[in-house]
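Below are the chains, spelled out letter by letter.
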Amino acid sequence: MALLSKKDTNLILDPLADNNPITIQVLGICSALAITAELKASVVMAVSVMFVLAMGNVAISLLRNVIPSKIRIIVQLVVVATLVIIVDQVLKAFAYELSKTLSVFVGLIITNCIIMGRFEAFALGNGPWKSFLDGIGNAAGYGIILVIVGFFRELLGSGTLFGFKVLGDPVTKTGLYSIGYENNGFMIIPPAALIVVGIIIWVQRSRNRSLIEEA
Amino acid sequence: MKEKLHQLKLKYQGKKMAPAFNALHTFLYTPNDTTHSGGHVRAADDLKRTMNTVIMALVPCLLFGMFNAGYQHYSAINGFPENFDLFEHFLTWDNFWLGLVTVLPLVIVSYGVGLAIEFLFAVIKGHEVEEGYLVTGMLVPLIVPVDTPLWMLAIAVAFGVVIGKEVFGGTGMNILNPALTIRAFLFFAYPTWMSGDKVWVHGAVDRAGTADAISGETVLGFLAQGNASEISYTLSDMFYGFIPGSVGETSKLLILLGALFLIFSKIASWRIMVSAVIGALTMGLIFNGVVEAGWLPEYSKFYELMSFDFWKHLLVGGLAFGIVFMATDPVTGSQTNRGKWFYGFFIGLLSVMIRVFNPGYPEGVFLAILLMNVFAPTIDHYVVRGNIKKRLKRLKTATIYPKNSDEVDSLKTETA
């Protein structure tokens with residue numbers, strides 16, 4: 001017997017490509033623009049959101065029959081806020097430098113529309129195991145875009161990956177820099193992320209024309 | 001020749017590379033299959049003719065830029081000539097040769113990369129190659145510093161053509177002026193190659209830090225650093241263009257001639273040019289007024305730029321070039337006549353404002369034009385709506401006379 005049924009597999013795989021939260025639903029753009037200048041920050045952000053979304057989805061799913069529908073937004077916020085504070089404290093304790101780079105954006109996971117969106121659209125109507133898979137899938141779809149954007153922005157903007165100087169040293173002029181290559185300062189600033197995300201959207205929709213919205 | 005090309009065209013019709021062939025074919029020859037009768041507009045000024053006219057207006061600036069590249073280089077090494085003589089010191093073979101080997105590669109890279117992308121997209125989309133790049137390709141080498149590395153230019157051109165134009169649907173659909181998109185990309189991506197006192201003179205970057213170091217600060221650069229007393233250029237130097245700057249932007253005389261040529265051939269809008277000049281003078285006057293009123297202390301870092309005589313702003317930097325050749329782009333500018341006045345005015349106003357307040361780089365005309373490109377459709381929208389309102393009001397107050405039956409009959413016989 002397979003570990004996951006076909007339906008469950010789709011819960012994880014769909015958000016990775018054809019129902020991606022960023023490129024198709026265009027949610028969570030703010031953090032995708034703000035923290036993707038470095039690959040490391042992108043990965044940490046992706047993992048944090050995955051933790052919050054999967055745990056939150058499970059919590060909401062377990063509570064779904066006891067939450068009065070009038071105050072469900074408040075309850076959802078309490079759940080997200082709790083989880084985000086845990087993530088924030090863990091980062092501050094074990095990766096202080098990184099938490100300074102991410103600064104306010106860890107706290108702002110609370111306002112990430114993907115999370116509230118999945119609570120509302122999925123966890124309130126499905127069981128905990130399915131909700132967990134849905135959370136993992138959507139966070140992975142979010143994370144994969146973050147990592148792609150972070151990869152290109154760090155490689156072209158700083159010439160590094162995870163802080164390693166993969167293209168050589170710009171100061172001592174080794175590697176690519178010895179033949180006159182220079183880092184692209186444009187990739188460091190947030191508008192560049194918008195353009196990279198735009199190009200991903202362009203490529204994705206050219207490959208799968210059924211994703212193009214009717215004008 | 002023409003007949004042979006036409007036969008070739010028929011042979012390749014419908015093939016994948018047909019757009020690429022047609023583009024070269026119609027560049028100089030009229031295709032055979034044009035209509036010769038009937039109610040069609042048969043004017044000579046198609047898109048290619050329009051583009052070629054603008055390029056003709058730009059050629060003097062390009063040639064001058066080549067001479068100036070050599071002149072600035074040799075003057076920076078040997079000192080500026082005491083008694084300047086146009087033929088002895090400026091229009092020399094040495095100057096021209098140095099200019100040729102530094103500027104021509106910029107032109108070749110700009111056209112090579114840009115047209116390659118245009119052809120690629122034409123083949124992918126399967127429609128005719130658009131001529132939009134002809135002018136852009138000429139503008140780009142004129143608005144960059146002479147020593148811009150060619151690979152940077154190639155990347156910037158690729159970015160500008162794809163992101164600035166093709167994603168919006170190609171020539172005629174773009175929101176932003178592609179040449180300025182390329183310039184802005186270079187400015188944000190490689191600021192060290194786009195500003196400072198080393199990039200405007202050929203060889204200055206390579207020689208930096210050695211005993212042979214040379215430099216050439218622009219007039220605006222001196223002002224921004226509060227060194228107005230060090231400016232050795234006279235007003236006539238600025239007007240004729242014997243100053244450091246981007247390749248083609250220095251000679252205001254030739255830009256003025258180009259402007260007159262474009263206005264009389266009705267290619268560019270005189271409304272935009274005039275209103276942009278008015279806008280720049282207005283902002284200059286405001287700044288001069290602030291300084292004269294004593295509101296600005298002398299130690300302020302804006303003091304020298306703000307006290308710079310308002311009309312001199314037109315003589316330095318890229319303002320004149322931008323107003324004449326970039327702001328008047330018919331695609332990205334305002335379309336309505338009244339809109340053109342607003343559009344141009346704000347370009348002038350913002351150019352001088354950004355020029356004075358930009359801390360990193362004392363020039364703002366490209367940013368101002370790009371900003372107004374974005375607002376051009378909004379301006380047009382309000383102009384059109386204002387016009388509709390005006391006419392509705394006129395309709396309300398108008399007295400409509402009852403139709404005279406005799407007149408109706410006579411009209412009917414006339415139009416029958």
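Just so we're clear, the structure is a prediction, and the values are computed from it rather than from any experiment.

With that out of the way, let us pick up the overall build of chain B. Looking only at helices and strands, one finds 19 helices and 0 strands in chain B. Out of the 416 residues belonging to chain B, those deemed buried represent 43%. In chain B, the proportion of contacts linking residues at least 24 apart, taken out of those at least 6 apart, comes to 75%.

Attention now moves to the overall build of chain A. On a plain count of helices and strands, chain A comes out with 9 helices and 0 strands. Seen through its C-alpha atoms, chain A measures out along the principal axes to roughly 65 × 45 × 40 Å. Each of the 215 residues in chain A was classed as buried or not, and the buried ones make up 34%. The long-range share in chain A, meaning contacts at least 24 apart out of those at least 6 apart in sequence, stands at 76%.

This next bit is on the packing of helix α3 (residues 47-78) of chain B against helix α13 (residues 252-264) of chain B. All names here are of chain B. Packing of α3 against α13 leaves a shortest axis separation of 9 Å and a crossing angle of 170 degrees. On the basis of their axis angle, the class for α3 and α13 is roughly antiparallel. Residue-level inspection shows Val54, Ala57, Leu58, Pro60, Cys61 and Phe64 of α3 in contact with α13, the latter providing Leu254, Ile255, Leu257, Gly258, Phe261 and Leu262. A class-by-class count of the residues in the contact of α3 with α13 yields 11 nonpolar, 1 polar and no charged.

Before going further, it helps to examine the interface of chain A and chain B. Each side of the interface is counted separately: chain A has 8 residues, and chain B has 8 residues. Looking at the side of chain A that touches chain B residue by residue, the classes come out as 4 nonpolar, 3 polar and 1 charged.

Quick look at helix α9 (residues 191-207) of chain A now. An α-helical turn contains 3.6 residues, so a residue and the one three or four places further along point in the same direction. Residue and element names in this part refer to chain A. With 17 residues, α9 extends 25 Å from end C-alpha to end C-alpha; this agrees with the ideal 24 Å at 1.5 Å per step. Listed as buried for α9 are Ala192, Ala193, Val196 and Val197. Each buried residue of α9 lies within a common arc of 140 degrees when the element is viewed along its axis, so the set occupies one face. Exposed positions of α9 whose direction lies more than 90 degrees from the buried face are Pro191 and Ser206. Looking at the buried residues of α9, the elements they touch are α2 (29-34) and α8 (128-158).

Residues and elements named next belong to chain B. Viewed as axis vectors pointing N to C, helix α14 (residues 270-292) and helix α17 (residues 337-357) meet at an angle of 40 degrees, and their least axial separation amounts to 7 Å. Taken as a pair, α14 and α17 cross one another with a handedness that is right-handed. Among the residues forming the contact of α14 with α17, the class breakdown is 17 nonpolar, 8 polar and 2 charged.

Not every positive phi belongs to a glycine, and A:Phe162 is a case in point at roughly 50 degrees. With respect to the element layout, A:Phe162 can be found in the loop between α8 and α9. The class for A:Phe162 is exposed, based on 12 C-beta atoms found within 10 Å. For B:Lys266, which is not a glycine, the phi torsion comes out positive at approximately 60 degrees. Mapping B:Lys266 onto the fold places it in the loop between α13 and α14.

Before going further, it helps to examine the confidence of the model for chain A. With 98% of its residues at a pLDDT of at least 70, chain A reaches an overall mean of 85. Element-level mean pLDDT values for chain A span from 79 in helix α1 (residues 6-13) of chain A up to 91 in helix α4 (residues 72-94) of chain A.

What follows deals with the confidence of the model for chain B. Put simply, chain B has an average pLDDT of 83, and 87% of its residues get 70 or more. ipTM for the predicted complex: 0.83, alongside a pTM of 0.84.

Moving on, we get to the environment of A:Val149. Residue and element names in this part refer to chain A. Structurally, Val149 can be placed in helix α8. Residue classification places Val149 among the buried positions, given that 27 C-beta atoms sit within 10 Å. Apart from residues no more than four positions distant in its own chain, Val149 is found in contact with Ala32, Thr36, Ser42, Ala193, Val196 and Val197.

Let us look at the nonpolar core. Residues and elements named next belong to chain B. Ranked by size, the top nonpolar core spans 149 residues in total, and within it Leu186, Ile347 and Ile369 carry the most contacts. At 12 residues, the largest contribution of residues to this core is made by α3. If sequence neighbours within four positions are ignored, Ile369 has contacts with Asn177, Leu180, Gly322, Met326, Ala327 and Ile347.

Before going further, it helps to examine helix α7 (residues 150-164) of chain B. End to end, α7(B) covers 20 Å across 15 residues, agreeing with the expected 21 Å (1.5 Å per residue, within 8%). B:Met152, B:Leu153, B:Ile155, B:Ala156, B:Val157, B:Phe159, B:Gly160, B:Val161, B:Ile163 and B:Gly164 are the residues of α7(B) that are buried. The inward-facing, buried residues of α7(B) abut α9 of chain A together with α5 (93-125), α6 (133-142), α8 (178-189) and α9 (191-194) of chain B.

We now examine the environment of A:Gln89. Position of A:Gln89 relative to the elements: it lies in helix α4. Sequence-wise, A:Gln89 and A:Ser178 are 89 residues apart; in three dimensions their C-alpha atoms are separated by 43 Å.

The next point concerns the environment of B:Lys301. With respect to the helices, strands and loops of the structure, B:Lys301 is situated in the loop between α14 and α15 (303-307). For the pair B:Lys301 and B:Ala224, spaced 77 residues apart in the sequence, the C-alpha separation amounts to 7.3 Å.

What counts and what doesn't
Residues numbered from 1 in each chain as written. Chains lettered and ligands numbered in written order. Predicted model: local features only at pLDDT ≥ 70, side-chain atom pairs only at ≥ 80, totals over all residues. Helix = DSSP H or I, 4+ residues; strand = E, 2+ residues; numbered from the N terminus. Buried ≥ 20, exposed ≤ 12 C-beta atoms within 10 Å, placed from the backbone. Contact = placed C-beta atoms within 7 Å. Axes fitted to C-alpha atoms, helices over the stretch in contact; angles between N-to-C directions. Parallel < 35°, antiparallel > 145°, perpendicular 65-115°, else oblique. Nonpolar A, V, L, I, M, F, W, Y, C, P; charged D, E, K, R; others polar. Expected span 1.5 Å × (residues − 1). Arc of directions from axis to C-beta. Left-handed = near helix turned anticlockwise from the far one by under 90°. pLDDT = per-residue confidence, 0-100. Core = buried A, V, L, I, M, F, W, Y, C linked by C-beta atoms within 7 Å.

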